[in-house]
Amino acid sequence: MKPLPVLFLLVLSAVPAAGAFLVQDGQAKAEIVISEKPARMTKLAAKELQAYVEKISGARLEIVTQPHAGKTPVYVGKSHFTEDLKLSAEGLKDGAFLMAAGASWLALLGPDEDFVPIEPWGRNRSVGETTRVNAEFDKITGDTFWNHHRDVHARYHKDLDVWDYDDAGTLNAVYEFLRSLGVRWYAPGDLGEVVPSMKSIPQPEVNKTVVPDFGMRRFTFYTDHTGIGDKAIWCFRLGLNNGHKIGGITQICHGAKFVLMRDEMKQAHPEMYLLTGGRRDTTTKGSGYPDLTSAVFFEKHLKYARAMFDHFKEPMLSIDLVDGYGGMTSDDPKWMAQLTPERGWSGSMSDHVFGYLNRLALELNKSHPDRLVSGLAYSAYKLPPEKIEKMSPNFVLIETRQRQSFWDEAKHKEHQDMRAAWTKKLAPDRYLTWDYSINARPEQAGRPVYYTHQISRDLRELKGHTLGEMIEIYDHPAGRESTFGYDPFAIEHLNLYITSRLWWDASQDVDALVSEYLNAYYGPAAAAMQAFIQYSEANWMHMGQDAGKIGTALALFAKAQDSVDPQCAPGRRLQKIADIMKPLKALQQQLSRKRETDADYRVLEAHQTGGKPLTSRPFDGQVLKDYWTEARSAALTKLSPAAPHPKAFTHFQIQRQDSILHVGIICQEPDMPGMNIATTASDDPKLLEGDHVTLLIESQSRNYYEIAINPAGAILEIDHANGGKGVNWASGAQCAVHRGDKLWSIELRLPIIGEGAFALDPLKGIDGAQPKSLFPWHFNLCRQRVRGGTVERTAYVPTGKDTFYVPEKFAKMWGK
């Protein structure tokens, strides 16, 4: 990254016409001229130009349909005035635009076609509306497919009165002009923008047409279906293009599910669904999985695709398989015979899947040679097929990837090689990329993941070889944003901003873009933030394992915070970064602790186990298979190789349901009458002298807690941190114990209080966030049996000693 320039203010890049001004000394010298019947995007463009000129200078340019003498006209969008000037956006596409100026006028325009949805389309996601649009589509198709145009309404932004599908050429021209004045939109919301102050705005001398390097430039947020709020206008300001004229309106991935989703289809044609686990997959919530060997499914899929082309005029349609298909198996030998496990996971289904997709594409190419179909390189079918020399000429491949991983040169080369292999099998201009921006997901948020140079290198390589790109972006669920305690775009906005600018011109100097950002966004903290971002970009990938690198990053960031007033805009932007990086400090502490085991335990979410809801039955200590299943069941073992084999076996499971950890423990006991129960009272240290199970937990921020339970249901809870042996601490857990003929069992419901619990009340709750992959807990689960003078001890992780209390041997506990 280049050294920061001295100047902070951004300046007008276009050359001003001699003596001409749009605003002079705070007074409006121009007006915005639009047609009498402007397109929706033209109206938005005029409003945006008016608003930002006023923010910059204090002067308000009026929006008119007829120019007035004495005012310089700024023509926004197509009108008879631009036609008189022989200016035309004809032939421009994908948001391209032109800017032109004369001695006494300025024109900003591009294609501005208003989108008109085709019926039947949904006005909302209600059951009634879903039923209506599906029923109307049934009349068109004579079948029972799912009409995904039910969700078209989500692409209309009522507050802006525009669709994502409206052409935005004129709007892009206005934003380019505003960028030339120094306006920047680095992140969503008012705090994310930078607006310079200037009393005079010269009329520029400009005559250029701007065409993007990438046609489709799409951000796909997790919250697309519920509304994206102020991110909608941010996307427009970044110059994005949903690309529906390239990829269509129907969901651009996993399109086969729309053939399968309806209950009517499942009941009428179960033979279309995958045979797995002794039954056809028609009961799975959602679409179910298809049987690619089924002739009926092929015909239905073909019929659906032709209807989408004929009625909805889709230029491209996803024929890709249902999400999760790569992890399926079948009871059908014919289906299994198509797999190629010898190619490894990424190629184990390639010939199976693309053999099917290619057959379908070839048939559609015969009936609709002017349309395209798409499929993902994804999961177990990421590698190109070996048995197909050339894919159908209408087939577009969408490569799924995460370019932030390309810091690893081996991973980068792997994708280069895969793209080259795929390109040989595809017709020209049949490639799209799908990237992921998911570092702010709750289980991953914390590390300062900057990868601007990987973005720059990758987009330079992709330029000219792809129809465009989509990025799937994590965002907090609508209505629950405040419960997470951090802004998901606090760090990621820079990666997304750099990507958006390079989509227009991949040859730009990324260091110059970042330096400009640092100056404009962080002001006095620019130099310190440059050091922090440079270090983080080189080291974020190691911060999950290296406490020293975390420490260095935190120290560099602290210098940045110390250099600004926390109440000013740069200070508040830095606080957003501090909020999302809070887990790093705890991870640093955790990584600093000595570890002597690689053992781990993945906590599944309760719905992933396939069992009945745990909360739907009495809480009585019975660990029943119908509810707990055998998912992730783990056994205890003897503490050391020299110890005798246990006479009683123990198994446990841990599941998470929202903010509750459910722990189920089954203690086999051949001698129930002889159990040694040292106490029947809770909070009695004598409990540890008899039969009991103890759960030892080290959270990200606390080392460590103990919850011991005996067959009588007595509980002893201890916070061992700092060598403490106090028994006044309480986890807040619910516990139930069941005693049967040959076993006793425990159900424990342990609340995840969250970070800061100790500060709120040191005697209540486990201090620590939910255990995650990047920010795990560590634990051991142990059992003691006492018979006469013999003590039998077992544990999930052997401690190598005749004691449970060896934190170095605690296993990693993680989940989503």
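Predicted model, so just to flag it, every value in this text is computed and none were measured. (Residues numbered from 1 in each chain as written. Predicted model: local features only at pLDDT ≥ 70, side-chain atom pairs only at ≥ 80, totals over all residues. Heavy atoms only, no water.)

Points about the state of the cysteines
1) Next: Scanning all chains against the criterion turns up 0 disulfides.
2) Next: Here Cys 235 stays free of any disulfide, with the sulfur of Cys 253 as its closest cysteine sulfur at 17 Å.
3) Next: Of the residues examined, Cys 235 reaches a relative accessible area of 11% and is grouped as buried.
4) Next: Cys 253 sits in the buried class, given a relative accessible area of 8%. (Disulfide = S-S within 2.5 Å. Buried < 20%, exposed > 50% of the residue type's maximum accessible area, 1.4 Å probe, protein only.)

Overview of the packing of helix H3 (residues 127–141) against helix H9 (residues 295–312)
1) Next: Orientation of H3 relative to H9, taken along the N-to-C sense of each, is 100°, at an axis distance of 11 Å. Classed by the angle they form, the pair H3 and H9 counts as roughly perpendicular. Residues Phe 137, Ile 140 and Thr 141 of H3 form the contact with H9, whose participating residues are Lys 303, Tyr 304, Ala 307, Met 308, His 311 and Phe 312.
2) Next: The class makeup of the residues in the contact of H3 with H9 is 6 nonpolar, 2 polar and 1 charged. (Axes fitted to C-alpha atoms, helices over the stretch in contact; angles between N-to-C directions. Helix = DSSP H or I, 4+ residues; strand = E, 2+ residues; numbered from the N terminus. Parallel < 35°, antiparallel > 145°, perpendicular 65-115°, else oblique. Contact = heavy atoms within 4.5 Å. Nonpolar A, V, L, I, M, F, W, Y, C, P; charged D, E, K, R; others polar.)

As for the sheet that holds strand S3 (residues 30–33)
1) Next: Ordered in space as S4-S3-S5-S7-S6-S13, the 6 strands form an open sheet in which the pairing is mixed. Bordering the open sheet on either side are strand S4 (63–64) and strand S13 (207–210), each of which pairs with just one other strand.
2) Next: Summarising the sheet, strand S6 (residues 97–102) and S13 pair through 4 bridges and their orientation is antiparallel. Looking across to S13, one finds that Met 99 is bridged to Lys 208.
3) Next: Contacting S3, S4, strand S5 (72–76) and strand S7 (105–109), helix H1 (residues 40–57) crosses the sheet at an angle of about 140° to S5. (Pairing = 2+ DSSP bridges.)

Quick notes on the side chain of Arg 155
1) Next: Tracing the backbone shows Arg 155 in the loop between H3 and strand S8 (156–157).
2) Next: Setting aside residues up to four positions removed in sequence, Arg 155 forms contacts with Val 162, Trp 163, Asp 164, Tyr 165, Asp 224 and Asn 242.

So, unusual backbone geometry
1) Next: The omega torsion across Glu 119 and Pro 120 is -5°, close enough to zero to call that bond cis.
2) Next: Following the sequence through the fold, Pro 120 ends up in the loop between S7 and H3.
3) Next: That bond from Asn 703 to Tyr 704 is cis: its omega, 5°, falls within 30 degrees of zero.
4) Next: Note on placement: Tyr 704 falls in strand S28 (residues 703–709).
5) Next: Positive phi outside glycine occurs at Asp 25, with the angle close to 50°.
6) Next: Inspection of the secondary structure assignment puts Asp 25 in the loop between strand S1 (15–24) and strand S2 (27–28).
7) Next: With a relative accessible area of 59%, Asp 25 lands in the exposed category.

Section: the pairing of strand S34 (residues 811–815)
1) Next: Residues Ala 811, Met 813 and Gly 815 point to one face of S34 and are all buried, whereas Lys 812 and Trp 814, pointing to the other face, are not buried.
2) Next: Pairing geometry for strand S22 (residues 600–605) and S34, over 4 bridges, is parallel. Note that in S34 the partner of Val 603 across the bridge is Gly 815.
3) Next: For strand S32 (residues 777–787) and S34, the ladder comprises 3 bridges, and the chain directions are antiparallel. The residue of S34 that forms the bridge with His 778 is Lys 812.

Some remarks on the confidence of the model for the chain
1) Next: Per-residue pLDDT for the chain has a mean of 93; in total, 95% of the residues score no lower than 70.
2) Next: With pLDDT under 50 throughout, residues 5–17 is counted as low confidence; its partners more than four residues away or in other chains account for 28 contacts. (pLDDT = per-residue confidence, 0-100.)

With respect to the side chain of Asp 691
1) Next: Note that Asp 691 resides in the loop between strand S26 (660–668) and strand S27 (692–698).
2) Next: Residue classification places Asp 691 among the buried residues on the basis of a relative accessible area of 2%.
3) Next: There is a polar contact of 2.9 Å between the side chain of Asp 691 and the side chain of Arg 787.
4) Next: Once you skip the residues sitting within four places of it in the chain, Asp 691 turns out to touch Met 675, Asn 676, Asn 710, Pro 711, Gln 784, Arg 785, Val 786 and Arg 787. (Polar contact = N/O pair within 3.5 Å; in protein donor to acceptor, adjacent residues only side chain to side chain.)

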